[in-house]
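Survey of secondary and tertiary structure
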Amino acid sequence: MTEATARHAAEPAASRDPGAEVRRNELAAFLRSRRERISPEQAGLARGRRRRTPGLRREEVAHLAAVGVTWYTWLEQARDIRVSAQVLDSLARALMLDHSERFHLFALAGTADPHPDAECAGVSESLRTMLRQLEPFPACVQNSRYDILAHNRTYGQLMCDLDALPQEDRNCILLAFTSAAWSASLVNRDEVVRSMAAKFRASMAEHLAEPAWKAMLKRLQDESPEFRDLWARHEVVRATTRTWVFRQSRVGLLRMQYTALWTGPNSGPRLLTYTPEDEETRERLHRLHELVLAGPPPRSAGEV
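A quick note: this is a predicted structure, and the numbers were derived from the prediction, not measured.

Overview of helix α7 (residues 125-133)
Since the α-helix advances by 3.6 residues per turn, residues separated by three or four positions end up pointing in the same direction. All of the buried residues along α7 are Leu 127, Arg 128 and Leu 131. Looking straight down α7, one finds its buried side chains confined to an arc of 100°; they lie on one side. Relative to its buried face, α7 has exposed residues pointing more than 90 degrees away, namely Ser 126 and Gln 133. Against β1 (139-142), β2 (148-151) and β5 (270-276) lie the buried residues of α7.

Description of the nonpolar core
Taken as a class, soluble globular proteins show a tendency for nonpolar side chains to be buried jointly. Among the nonpolar cores identified, the biggest contains 43 residues, and Tyr 155, Trp 182, Phe 200 and Phe 246 are the most heavily contacted of them. Put simply, the parts of the chain that give this core at least two residues each are α9 (172-178), α11 (189-204), α12 (211-223), α13 (225-231), β3 (243-248), β4 (252-262), β5 and α14 (279-294). With near-sequence residues (within four places) excluded, Tyr 155 lies in contact with Pro 138, Ala 139, Cys 140, Ile 148, Leu 162, Cys 172, Trp 182 and Tyr 274. Within the second largest apolar cluster, 27 residues are counted, among which are Ala 43, Val 67, Trp 74 and Val 83.

Points about the pattern of salt bridges
Here the structure, examined in full by the defined rule, presents 21 salt bridges. Between Glu 26 and Lys 214 there is a salt bridge whose closest N-O contact spans 3.8 Å. Note that Glu 26 is positioned in helix α2 (residues 20-37) and Lys 214 in helix α12, a separation of 188 residues in sequence. Taking relative accessible area as the criterion, Glu 26 reaches 26% and is therefore assigned partly exposed.

A look at the packing of aromatic side chains
Scanning the model with the defined rule gives 10 aromatic pairs in all. With 5.7 Å between their ring centres and 15° between their planes, Trp 244 and Phe 246 make a pair best called stacked. In this structure Trp 244 comes out as buried when scored by relative accessible area, which is 16%. Pairwise contacts between aromatic rings join Tyr 155, Trp 244, Phe 246, Tyr 258 and Tyr 274 into one cluster. Across from the ring centre of Phe 177, 6.0 Å away, lies the NZ or CZ of Arg 189, which sits over that ring. For the cation-ring pair, Arg 201 lies above Trp 231, with the distance from its terminal atom to the ring centre recorded as 3.9 Å.

As for the pairing of β3
Judged from the six bridges that link them, β3 and β4 form a sheet pairing that is antiparallel. When the bridges of β4 are listed, Trp 244 appears paired with Met 256.

Regarding the sheet that holds β2
On the basis of which strands lie adjacent, the open sheet formed by five strands has the order β2-β1-β5-β4-β3 and antiparallel pairing. The sheet is open, and its two edges are formed by β2 and β3, each paired on a single side. Averaged over all pairs of adjacent strands, the angle between strand axes in this sheet comes to 30°, irrespective of strand direction. Relative to β2, β1 runs antiparallel, the two sharing three bridges. The partner of Gln 142 across the bridge, within β2, is Ile 148.

Things to note about the environment of Ala 215
Along the chain, Ala 215 turns up in helix α12. Along the primary structure Ala 215 and His 104 are separated by 111 residues, whereas in three dimensions their C-alpha atoms are 8.4 Å apart.

Some words on the pairing of β1
Both faces of β1 are covered, namely the face carrying Ala 139 and Val 141 and the face carrying Cys 140 and Gln 142. Strand direction decides the pairing type here: β1 and β5, joined by four bridges, are antiparallel. Residue pairing for β5: Gln 142 is matched across the bridge by Arg 270. Here β1 hands over to β2 after five residues, with Tyr 146 in that stretch at a positive phi of 75°.

Quick notes on the rules
- Residues numbered from 1 in each chain as written.
- Predicted model: local features only at pLDDT ≥ 70, side-chain atom pairs only at ≥ 80, totals over all residues.
- Heavy atoms only, no water.
- Buried < 20%, exposed > 50% of the residue type's maximum accessible area, 1.4 Å probe, protein only.
- Helix = DSSP H or I, 4+ residues; strand = E, 2+ residues; numbered from the N terminus.
- Arc of directions from axis to C-beta.
- Contact = heavy atoms within 4.5 Å.
- Core = buried A, V, L, I, M, F, W, Y, C linked by side-chain atoms within 4.5 Å.
- Salt bridge = Lys/Arg side-chain N within 4 Å of Asp/Glu carboxyl O.
- Phe/Tyr/Trp six-rings, centres within 6.5 Å; stacked < 30°, edge-to-face > 60°.
- Lys NZ or Arg CZ within 6 Å of the ring centre and 35° of its normal.
- Pairing = 2+ DSSP bridges.
- Axes fitted to C-alpha atoms, helices over the stretch in contact; angles between N-to-C directions.

Now the structure itself:
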């Protein structure tokens, strides 16, 4: 973007939305927080000497997104400037945003995402290949906010028809509290959701100022009275059982051990795999995989 274009973009937007200033400030804070978490090495840049800025510099983000430095600086300063969907898409890729973060970016900018199903930048093709190779065992890539960033076909049918949900709803804690199908699949549901709420609180301590975390917390509180009650207890736990029992609607009970492998820093994405605890579960997982390959069952009215 040229300086002339930037000056034009800096003219006040036509919208008189009273919440516009709030969203601009949230957008500025969100961009800064995402920029500061990415190392130069992750972005394919040389670190150089005398680097005091945590993460990337503004000019480095502008270079990676192919936008003007002045324009990007104004964006982080919450200036009233117009932001196109094309530029937001470039920024999402430069900042390696996952699906939920990308959705939040476009929501704050008040712009429709032209590629809502764009692949998550944080999940490499090699990791996606690993997910496929793990079938028939269920596996997914998940972040500490419980967003499901990628999954294999068996996991996609383990608790509900995950692929039928919009990307912004593919979050394990949200589904555990708001989806009837997901809840019904958890044999020890009360114990599971209490643990999830406590772990979400423990994880959020490191992300208190991040808009995406605040937005998820608000959504959970707005949509689930049960979550509000658990959140009010201020429970914090990190350890949990490694044995999960699912009631899969098409093949019955599945008893599985789960393993979490970090794919980066401990606050980043992790690969979750579920392996059978007994031979009966192994056979049922193979049966579920066969059913998945044959196609999903017809959805009943109102099913989520």
